[in-house]
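# Structural features, examined
Chain by chain, the residues run as shown.
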Amino acid sequence: MSHNAWHNARTMYERDACAQAMGMDIVEMDEGYAVVTMTITPQMLNGHKTCHGGQLFSLADTAFAYACNSQGLAAVASGCSIDFLRPGFAGDTLTATARVKHQGKMTGVYDIEIQNQQQKTVALFRGKSHRIGGSVTGEA
């Protein structure tokens, strides 16, 4: 387990109003790896009474962000896609696990799987990252 990855994640989370407002929690961190959880609330449901796709995207995108910034070099998404495989419902606890597939000097590719509390896959997300210069923490 990388102490620096946790330090970078905590620094980002302190400034991540969206993740905090959505009730997301970082539960595991390492270089190129992050696990983020979220419980679906009634406010996250769409007109079919299932979790809105945008909420699922936000969860996966957040895990992606922590994984691609885990080495301390500031990175943003340059492209993302998501496949919705099954619905999530109010009260479900979702876990997004992000893993690096490739990290070059400037660009990276990360795969994120969202599972529910029964370990059934809800969505698959792929994110492409681009390092923008500077550090996550602002430290030299």
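The shown structure was predicted, so the numbers you read here are calculated from the model rather than taken from an experiment. (Residues numbered from 1 in each chain as written. Predicted model: local features only at pLDDT ≥ 70, side-chain atom pairs only at ≥ 80, totals over all residues. Heavy atoms only, no water.)

### A closer look at the UniProt feature "domain: Thioesterase" (unreviewed entry) in the protein
- UniProt records the feature "domain: Thioesterase" (unreviewed entry) for residues 48–122 in the present numbering.
- End C-alpha atoms of residues 48–122 are separated by 16 Å, and the span's content is 21% helix alongside 45% strand. (UniProt positions renumbered as here; feature names shortened; annotations may be inferred. Helix = DSSP H or I, 4+ residues; strand = E, 2+ residues; numbered from the N terminus.)

### A word on helix 1 (residues 3–14)
- A rise of 1.5 Å per residue sets the reference length of helix 1, with its 12 residues, at 16 Å; its end C-alpha atoms lie 17 Å apart and thus fit the reference within 8%.
- Every buried residue of helix 1 is listed here: Ala5, Trp6, Asn8, Ala9, Thr11 and Met12.
- Buried-residue contacts for helix 1 involve strand 1 (25–30) and helix 3 (53–68). (Expected span 1.5 Å × (residues − 1). Buried < 20%, exposed > 50% of the residue type's maximum accessible area, 1.4 Å probe, protein only. Contact = heavy atoms within 4.5 Å.)

### Some points on the layout of surface pockets
- Approximately 270 Å³ is the volume attributed to the largest pocket.
- Around the largest pocket, the lining comprises 15 residues; the ones closest to its centre are Met12, Asp16, Ala65, Asn69 and Ala75.
- At 6 residues, the largest contribution of residues to the lining of the largest pocket is made by helix 3.
- Each residue belonging to the lining of the largest pocket can be placed in one class, and the counts come to 10 nonpolar, 2 polar and 3 charged. (1 Å grid on protein atoms, 1.4 Å probe; cavity = no way out; pocket = protein on both sides within 12 Å on 5 of 7 lines; lining within 4 Å. Points joined across faces, edges and corners; volume = space filled by probe spheres on them. Nonpolar A, V, L, I, M, F, W, Y, C, P; charged D, E, K, R; others polar.)

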